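Each chain is listed here by its residues.
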Number of protein chains: 2
Amino acid sequence: EDEAYFSSYADYGIHGDMLKDRVRTESYRDCMYKNPEVFRGKVVLDVGCGTGILSMFAARAGASQVFAVDQAEIIYQAMGIIRENNLEDKITFIKGRLEDVTLPVEKVDIIMSEWMGYFLLFESMLDTVVVARDQFLAPGGKVYPDKCSVWLVGVADSELWQQAVGFWDDVYGFSMSCMKSGAVEDAHVEVVQADKVITEPCKVKDLDLNTCQLTDLEFTSNFTLRCCGDGELTSIVGYFNIGFEAGCSRQVHFSTSPSDPPTHWKQTVFHLETPIAVSDGMTIDGRIQVKKVIGDPRSLQVKIRVGLRSQMYQMR
Amino acid sequence: EDEAYFSSYADYGIHGDMLKDRVRTESYRDCMYKNPEVFRGKVVLDVGCGTGILSMFAARAGASQVFAVDQAEIIYQAMGIIRENNLEDKITFIKGRLEDVTLPVEKVDIIMSEWMGYFLLFESMLDTVVVARDQFLAPGGKVYPDKCSVWLVGVADSELWQQAVGFWDDVYGFSMSCMKSGAVEDAHVEVVQADKVITEPCKVKDLDLNTCQLTDLEFTSNFTLRCCGDGELTSIVGYFNIGFEAGCSRQVHFSTSPSDPPTHWKQTVFHLETPIAVSDGMTIDGRIQVKKVIGDPRSLQVKIRVGLRSQMYQMR
């Protein structure tokens, strides 16, 4: 009976944290509220609707009908939220995997989704959005956000590196050095201070949601990082930029770079096992390879070569 | 082949965070280093050894033999760590569930374990330590830590409450009030600032590891919180105190209260659905009930009555 007392598990904290991320949520809002001509009278599909916030923005921006799909229990809360806001006539919920559901319409004009994971692609729903587009988007329809890019930048943050890697050399008087290689393999999601950046950023991947394919999740790219200071390069930091562009007279953009206000995505830190001394004007050549983990399609592994040294990373 | 490249998953980050918690780790260290007469020549069992840090402290404090048990993959790293520190002759690792393993000795003199979870008992290994004690501890042997207590204190933190509960009333212009009851049910692990405390603390549970029973995990206790200021009581905050006492000439204690330096356990915050106005000198009577969740023995649910209002909480 106590079990039944509890509301179905709906990850209140996680949804709260995402909603409280103003950079994220206001970008979606601004895209819709500032471009009402794009949304007025349109049929919108919200992929992974969560609490329904994007569906409500779309309805308020003038969409004639919104279909909101989520397979998680939170959708039952979203149904209550929509009633609270008297939007039941505009927004229809469908619980299930996007890949399995049937919509009451054959095609939609616009697909909205907040599918991005850490480092854009970790545990992301990009696959699902691409499936939704290919199955449900009318010719000439639009996916938002559409312009996404992945960037790397070099960082000299000896404190962050020491906490994650150097720490293991002396733990209360004992050596735990054998932990270092495993600790380096873990990509860290952390807020990197802008003043630790020691290179120009370099773009390693462009993704246009209106045209990309499932295979775009895996990619290999060479990169060159141009140093803008002297110091010890301790880590390569990954982040992404997002744009709401296609057909919008007032485009909206945000960045998860260390130089921009932090978001719940923070940055993704790939520590070097051994820091590299760098100097102003020097360039560092490298290569990044991003692959799915066999047997765990939502996970990714990343191989980064910096100079002559290669390192595998994963997010767990 | 890439799969094989990675070290076995060993939760480097979590073990790092626990080791970096100096309040926690130095308390264990101090108990052993400052009471060498307790440990010299003794046989020690380390329950849930992780990286092996407690086993190494015990060996350095003079234990003749340490048996270190863990069922997690981290034990393979611990084996490497012990070799790095030339302690293979003192420390023997046994991988498996404590409840299933056979030790090379019939009884041990001392059981060391860092078994504590959030709010002491959430997801804790207390059951396992009690089983280890009943099965392996020699008559007159000791368990460390041994003196544990659970405390409640009242807090007036409208900002924390607003973030977790009030937030849902207006989310970018939409009402999500139906999320509030679910949001209140989630106990929050957060660092509470000492200056938000608005009542005296009240102890609701004493546990002596040398005598407690499995049934002690579930308890009911009345409490009285005496207000030491005027304000709005927004939340009941739970924390625990730990003592290394039995037979120690130099006892060691630490507390996870809001008035002490924060640990990785932080505090556990139980928000009230509706804050209560309180004034200096007033007393608040209540009752707390802690029960296991059927089907998930590591989880607990907590029912707290404050005045006339009862609220169920769970940690997820």
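Now for a look at the structure at hand. Keep in mind that what you see is a predicted model, and the values were worked out from it rather than measured. (Residues numbered from 1 in each chain as written. Chains lettered and ligands numbered in written order. Predicted model: local features only at pLDDT ≥ 70, side-chain atom pairs only at ≥ 80, totals over all residues. Heavy atoms only, no water.)

What follows deals with the pairing of strand β5 (residues 137-144) of chain B. In this structure, strand β4 (residues 108-113) of chain B lies alongside β5 of chain B, joined through 4 bridges in parallel fashion. Within the sheet, the bridge partner assigned to M112 of chain B lies in β5 of chain B and is Y144 of chain B. (Pairing = 2+ DSSP bridges. Helix = DSSP H or I, 4+ residues; strand = E, 2+ residues; numbered from the N terminus.)

So, on to the packing of aromatic side chains. Applying the stated rule across the entire model yields 24 aromatic pairs over all chains. Ring geometry for Y28 of chain A versus F244 of chain A: centroids 4.9 Å apart, planes at 80 degrees, classification edge-to-face. Placement of the pair is Y28 of chain A in helix α3 (residues 22-33) and F244 of chain A in strand β10 (residues 231-244), with a sequence separation of 216 residues. On the accessibility criterion, F244 of chain A (0% relative accessible area) is buried. Seen from their ring centres, F39 of chain A and Y144 of chain A are 5.9 Å apart, and the 40 degrees between their planes marks the pair as tilted. Placement of F39 of chain A in helix α4 (residues 36-39) and of Y144 of chain A in strand β5 (residues 137-144) is noted, with a sequence separation of 105 residues between them. Taken as a pair, F39 of chain A and Y144 of chain A share a single burial class, namely buried. Here the aromatic residues Y33 and F57 of chain A together with Y172 and F174 of chain B are joined through ring pairs into a cluster of three or more. Seen from the ring of F167 of chain B, K20 of chain A lies directly overhead, with NZ or CZ sitting 4.8 Å from the centre. (Phe/Tyr/Trp six-rings, centres within 6.5 Å; stacked < 30°, edge-to-face > 60°. Buried < 20%, exposed > 50% of the residue type's maximum accessible area, 1.4 Å probe, protein only. Lys NZ or Arg CZ within 6 Å of the ring centre and 35° of its normal.)

Chain B puts 57 residues into the contact, and the matching count from chain A is 57 residues. Both faces considered, chain B and chain A share a buried interface measuring about 4,700 Å² in area, 62% of it formed by carbon and sulfur atoms. Our count for the contact surface shared by chain B and chain A stands at 12 residue pairs in polar contact (both at pLDDT 80 or more). When residues of the side of chain B that touches chain A are assigned to their parent elements, the largest contribution, 6 residues, is made by helix α2 (residues 12-20) of chain B. Of the residues in the side of chain B that touches chain A, the class split is 26 nonpolar, 18 polar and 13 charged. (Contact = heavy atoms within 4.5 Å. Buried area = accessible area lost by both parts, 1.4 Å probe. Polar contact = N/O pair within 3.5 Å; in protein donor to acceptor, adjacent residues only side chain to side chain. Nonpolar A, V, L, I, M, F, W, Y, C, P; charged D, E, K, R; others polar.)

This part is about the relation of the copies chain B and chain A. Note on the copies: chain B fits chain A at an RMSD of 0.0 Å, the axial shift is 0.0 Å, and the rotation between them is 180 degrees. What the superposition gives is, in effect, a two-fold axis relating one chain to the other. Residue E190 of chain B of chain B places its C-alpha closer to the rotation axis than any other residue of that unit, at 9.0 Å. Both copies share a contact surface, since 100% of the interface residues of chain B are interface residues in chain A too. (Least-squares fit on C-alpha atoms with pLDDT ≥ 70 in both.)

This part covers the sheet that holds strand β2 (residues 65-70) of chain A. Residues and elements named next belong to chain A. Taken in spatial order, the 5 strands make up an open sheet running β3-β2-β1-β4-β5, and their pairing is parallel. Unpaired on one side and paired on the other, β3 (91-95) and β5 mark the two borders of the sheet. Taken over all neighbouring pairs, the strand axes of this sheet differ in orientation by 20 degrees on average, direction set aside. Bridge analysis of strand β1 (residues 43-47) against β2 gives 5 bridges, and the strand direction is parallel. (Axes fitted to C-alpha atoms, helices over the stretch in contact; angles between N-to-C directions.)

This part covers the environment of F219 of chain A. Residue and element names in this part refer to chain A. Relative to the assigned elements, F219 resides in strand β9 (residues 219-226). A C-alpha to C-alpha distance of 26 Å links F219 and F136, two positions 83 residues apart in sequence. Setting aside residues up to four positions removed in sequence, F219 forms contacts with L121, V204, K205, I288, Q289 and V290.

This brings us to helix α3 (residues 22-33) of chain B. Looking only at α3 of chain B, the buried set comprises R24, T25, E26, S27, Y28, D30, C31 and M32 of chain B. Near the N-terminus of α3 of chain B, the side chain that reaches the backbone nitrogen of V23 of chain B, with its oxygen 3.3 Å away, is that of D21 of chain B.

All names here are of chain B. Here V23 lies in helix α3. When the C-alpha atoms of V23 and H253 are compared, they prove to be 9.6 Å apart, with 230 residues separating the residues in sequence. Look past the residues within four positions of V23 in its chain and what remains in contact with it is F254, P261 and T263.

Before going further, it helps to spend a moment on the sheet that holds strand β1 (residues 43-47) of chain B. Residue and element names in this part refer to chain B. On the basis of which strands lie adjacent, the open sheet formed by 5 strands has the order β3-β2-β1-β4-β5 and parallel pairing. In this open sheet, the two strands that pair with only one neighbour each are β3 (91-95) and β5. On average, each strand axis in the sheet is inclined to that of its neighbour by 20 degrees, with strand direction left out of account. This element, helix α6 (residues 74-84), spans β2 (65-70) and β3 of the sheet and lies at about 165 degrees to β3. This element, helix α7 (residues 126-136), spans β1, β4 and β5 of the sheet and lies at about 155 degrees to β5.

Turning next to unusual backbone geometry. All names here are of chain A. Residues Y144 and P145 are joined by a peptide bond in cis, for which omega reads -5 degrees. Following the sequence through the fold, P145 ends up in the loop between β5 and β6 (147-155). Backbone geometry places E123, a non-glycine residue, at a positive phi of 55 degrees. You can see E123 is positioned in the loop between β4 (108-113) and α7 (126-136).

With that settled, consider the environment of C212 of chain A. With respect to the helices and strands, the residue C212 of chain A is situated in the loop between β8 (202-208) and β9. A sequence separation of 197 residues divides C212 of chain A from H15 of chain A, and the C-alpha atoms of the two residues are 28 Å apart.

Turning our eyes to something else, we now look at the packing of helix α2 (residues 12-20) of chain A against α3 of chain A. Residues and elements named next belong to chain A. Interaxial distance between α2 and α3 falls to 5 Å at its minimum, and their mutual angle equals 70 degrees. Viewed along their axes, α2 and α3 adopt a mutual orientation that is roughly perpendicular. For the pair α2 and α3, contact is made by M18, L19 and K20 and by R22, R24 and T25, respectively. Here the residues of the contact of α2 with α3 are counted per class, giving 2 nonpolar, 1 polar and 3 charged. (Parallel < 35°, antiparallel > 145°, perpendicular 65-115°, else oblique.)

A separate point is the pattern of salt bridges. A pair can form between side chains of opposite charge whenever their charged atoms are brought close. Summed over all chains, the structure comprises 28 salt bridges over all chains. The closest approach of N and O atoms between R22 of chain B and E26 of chain B, which form a salt bridge, is 2.7 Å. With a gap of 4 residues between them, R22 of chain B and E26 of chain B both fall in helix α3, about one helical turn apart. For D208 of chain B, the salt bridge goes to K147 of chain B, with nearest N and O atoms at 3.4 Å. Residue D208 of chain B is found in strand β8 (residues 202-208), and its partner K147 of chain B is found in strand β6 (residues 147-155); the two are separated by 61 residues along the sequence. Residue K147 of chain B is classed as partly exposed on the basis of its relative accessible area of 34%. Taken together, the shared-partner salt bridges connect R29, D30 and K34 of chain A into one network. (Salt bridge = Lys/Arg side-chain N within 4 Å of Asp/Glu carboxyl O.)

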